[in-house]
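# Structural features, examined
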Amino acid sequence: MEIRDYLQKLHEEGNYREIPTVGPLTVTDFSTNDYMGFGQDAELQAKFFADPISATVPMTSSAARLLAPRQIEYTNLEVFLSLLYKKRRGDDTAALLFNSGYHANTGLISSIATPGTLIVADKLVHASIIDGIVLSRAPFTRFRHNDFDHLEQILKSKAADHRQVLVIVESVYSMDGDRADIERLIELKRLYPNVMLYVDEAHAFGVLGPKGLGLGAGSTAPAEIDITVGTFGKAAASMGAFAIVGRDMRDYLVNTARSFIFSTALPPMQTAWTRFTLGNLVQKDNRREHIARLGVQLREVLGKYTDHPIEASHIQPLIIGDPHKAVELSRQLLSRYGIKALPIRRPTVPAGTERLRFSLSAAMLPRDIEALDSALHDLM
């Protein structure tokens, strides 16, 4: 298909995307991933730069991690993360930084899925996980979303035929805000000794679990989770990602994960900022409690306008089911009410489930959700 024909087809389907232009300066942003409100916290940023040492940290690494002459910021952050998770996972705990969640998932999965590995992933895992699976060239199958009976059926029929089975889930799913049953996954892992459990905590990290370390850290057996992935570009108001693994696995990844080996490392300045924000993030249980209350309020509001079940989470969908209508509702909310809630369409979500995705920030107040309720009442 010619490029112009393809673009025309996207227009006709209502699935054409554009990089947003500068919109109104004062909006209530329900499309943010700044879950803890740190991205809007000017005092936090001022405090970071008030330290004279911060001003001396280089703005660029100028090299891949294995070649970078300066390692102290990376080491400080990895040690801090290791200590946070070590309290729950045990002594065999190590952290490794990646440039983004996408780099983490593609690099980790393609490295871990060595010959003899079968990958079994939830039907709705993120595109970065799918791309990691494709890069691994390992055989894979997918179980129905959050259907762990289906996962168990797959393991019963296939696990014995493979040296290793890599089970991949997200703890909180980015388009629906619903959660994986970590306890059930741990039970299944114990039944099948060749299972490795991989949990992407991208949308839970900072918001859920003890000190915001994710659902896995709050489970009864965090050490049963072989690979935990988290990101800094959401609740931590920074950029980059990390993996929590065993020490041997970390050494293995340093030698095999291509996205780690062949990418210029994160800027030391950015990494120092991440270490600073995480030191604050783990202390903010009050913000986590606030965003949980907002989640209950938002579910009550969205429940008026849809029959689809919604979980009280910091991410909630309003299913529209038509891309053109989703785009128009988003446009009206922004232009008439100053409410930003972007439309989510295929291929991000399956056709027929087009939606507005509402995400919450601890910087929001109950009146912001009340204003959304009023706007939806007028428009729908």
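Attention here is on the structure that accompanies the text. In this text the structure is predicted, and so the values were computed from the model without any measurement. Throughout, a residue's number is its position along its own chain's written sequence, starting from 1. Local features in this predicted model are restricted to residues of pLDDT 70 or higher, and side-chain atom pairs are both shown and tallied only at a pLDDT of 80 or more, whereas totals for entire chains, interfaces and linings draw on every residue. Each side-chain value is worked out from all heavy atoms of the structure, with water and hydrogens disregarded.

## Brief notes about the packing of helix 3 (residues 72-89) against helix 10 (residues 268-281)
Orientation is described by lines fitted to C-alpha atoms, with helices fitted over the stretch in contact, and by angles between N-to-C directions that extend from 0 to 180 degrees. A run of H or I in DSSP becomes a helix once it reaches four residues, and a run of E becomes a strand once it reaches two; helices and strands are each numbered from the N terminus. Here helix 3 crosses helix 10 at 25°, and the two axes come no closer than 8 Å. On the basis of the axis angle, helix 3 is roughly parallel to helix 10. As helix 3 runs across helix 10, the sense of the crossing is left-handed. Contacts from E73, Y74, N76, L77, F80 and L81 of helix 3 reach helix 10 at P268, T271, A272, T274, R275, L278 and G279. Reported orientations rely on four angle classes, namely roughly parallel under 35 degrees, roughly antiparallel over 145, roughly perpendicular from 65 to 115, and oblique for the rest. Two helices that cross are described as forming a left-handed crossing if the nearer one is turned anticlockwise from the farther one by less than a right angle, and a right-handed crossing if clockwise. Contact criterion: two residues are considered in contact whenever any of their non-hydrogen atoms come within 4.5 Å of each other.

## Concerning the side chain of N105
Counting through the fold element by element, N105 comes out in helix 4 (residues 101-112). Side-chain atoms alone can form a polar contact between residues adjacent in sequence; in general such a contact is a pair of N or O atoms within 3.5 Å, and within protein one must be able to donate a hydrogen while the other accepts it. Within the structure, N105 has its side chain in polar contact with the side chain of S128 (distance 3.0 Å). Here the side chain of N105 touches Y198 through a polar contact of 2.5 Å, side chain to side chain. Among all residues touching N105, those that are not within four sequence positions of it are S128, I129, G132, Y198, D200 and V229.

## Some details on the packing of helix 4 against helix 8 (residues 247-256)
It is at 10 Å that the axes of helix 4 and helix 8 come closest, and there the two elements cross at 105°. As summarised for this structure, helix 4 and helix 8 are arranged roughly perpendicular, according to the angle between their axes. Facing helix 4, whose interface residues are L108, S111 and I112, helix 8 presents M249, Y252, L253 and T256. Split into classes, the residues belonging to the contact of helix 4 with helix 8 amount to 5 nonpolar, 2 polar and no charged. Under the scheme applied here, ten amino acids are nonpolar (Ala, Val, Leu, Ile, Met, Phe, Trp, Tyr, Cys and Pro), four are charged (Asp, Glu, Lys and Arg), and all others, including Gly, are polar.

## Here's the deal with the nonpolar core
By nonpolar core is meant a set of buried Ala, Val, Leu, Ile, Met, Phe, Trp, Tyr and Cys residues that side-chain atoms within 4.5 Å join together. Residue burial is assigned from relative accessible area. The probe radius is 1.4 Å, only protein chains are included, and a residue is buried under 20% of its type maximum, exposed over 50%, and partly exposed in between. In this structure, L81 and L108 are the most contacted members of the largest nonpolar core, which totals 109 residues. In this view, L81 contacts A95, L97, F232, F242, I244 and L278; residues no more than four positions away in its chain are not counted.

## Thoughts on the sheet that holds strand 12 (residues 355-359)
Any two strands with at least two DSSP-identified bridges between them are counted as paired. Taking strand neighbours across the sheet as the criterion, the 3 strands line up as 9-12-11 in an open arrangement whose pairing is antiparallel. Two strands close off the open sheet at either side, each with one partner strand: strand 9 (315-319) and strand 11 (343-344). With 5 bridges joining them, strand 9 and strand 12 adopt antiparallel strand pairing. Among the inter-strand pairings, I315 is bridged to a residue of strand 12, identified as S359.

## A short note on unusual backbone geometry
The linkage connecting R346 with the following residue, P347, adopts the cis geometry, with an omega of 10°. Along the chain, P347 turns up in the loop between strand 11 and strand 12. With phi around 55°, N146 is a residue other than glycine that occupies positive phi space. With respect to the element layout, N146 can be found in the loop between strand 4 (140-143) and helix 6 (148-158). A relative accessible area of 22% means that N146 is categorised as partly exposed. The phi torsion at A237 lies on the positive side, around 55°, for a residue other than glycine. Note on placement: A237 falls in the loop between strand 7 (227-231) and strand 8 (241-245).

## Looking at the pairing of strand 7
The buried fraction of strand 7 amounts to 5 of the 5 residues, a majority that puts the element mostly inside the structure. By the alternation rule, side chains of strand 7 split into I227, V229 and T231 and T228 and G230, which are all buried.

## Here we look at the environment of A127
Along the chain, A127 turns up in helix 5 (residues 127-136). Separated by 221 residues in the primary sequence, A127 and T348 have C-alpha atoms spaced 8.0 Å apart.

## Here we look at the pairing of strand 4
Pairing of strand 3 (residues 117-122) with strand 4, which is carried by 4 bridges, proceeds in the parallel orientation. Bridging from a neighbouring strand, A121 pairs with R142 of strand 4. When the strands point away from the viewer, a crossover counts as right-handed if the path from the first strand over the helix to the second runs clockwise. With helix 5 bridging strand 3 and the parallel strand 4, this β-α-β connection has right-handed handedness.

## Section: the packing of aromatic side chains
In summary, the pairing rule links any two rings of Phe, Tyr or Trp, Trp by its six-membered ring, whose centres are within 6.5 Å, and it sorts them by plane angle into stacked for under 30 degrees, edge-to-face for over 60 and tilted for everything else. Applying the stated criterion across every chain, the model contains 10 aromatic pairs. Seen in terms of ring centroids, F30 and F358 are 5.7 Å apart; in terms of plane orientation they differ by 75°. Their pairing is edge-to-face. Remark: F358 occurs in strand 12 and F30 occurs in the loop between strand 1 (28-29) and helix 2 (42-50); sequence separation between them is 328 residues. Both residues of the pair, F30 and F358, count as buried. Relative to F242, the ring of Y85 has its centre 6.1 Å away and its plane inclined at 45°; by these criteria the two rings are tilted. Pair noted here: Y85 is in helix 3 and F242 is in strand 8, with a separation of 157 residues, a long-range link. Each of the two residues, Y85 as well as F242, counts as buried. Every member of this aromatic cluster is reached through a ring pair, and the members are F48, F49, W273 and F276.

## Remarks on the environment of I319
Here I319 lies in strand 9. Residues in contact with I319, not counting those within four places in the same chain, are T306, H308, T353, E354 and R355.

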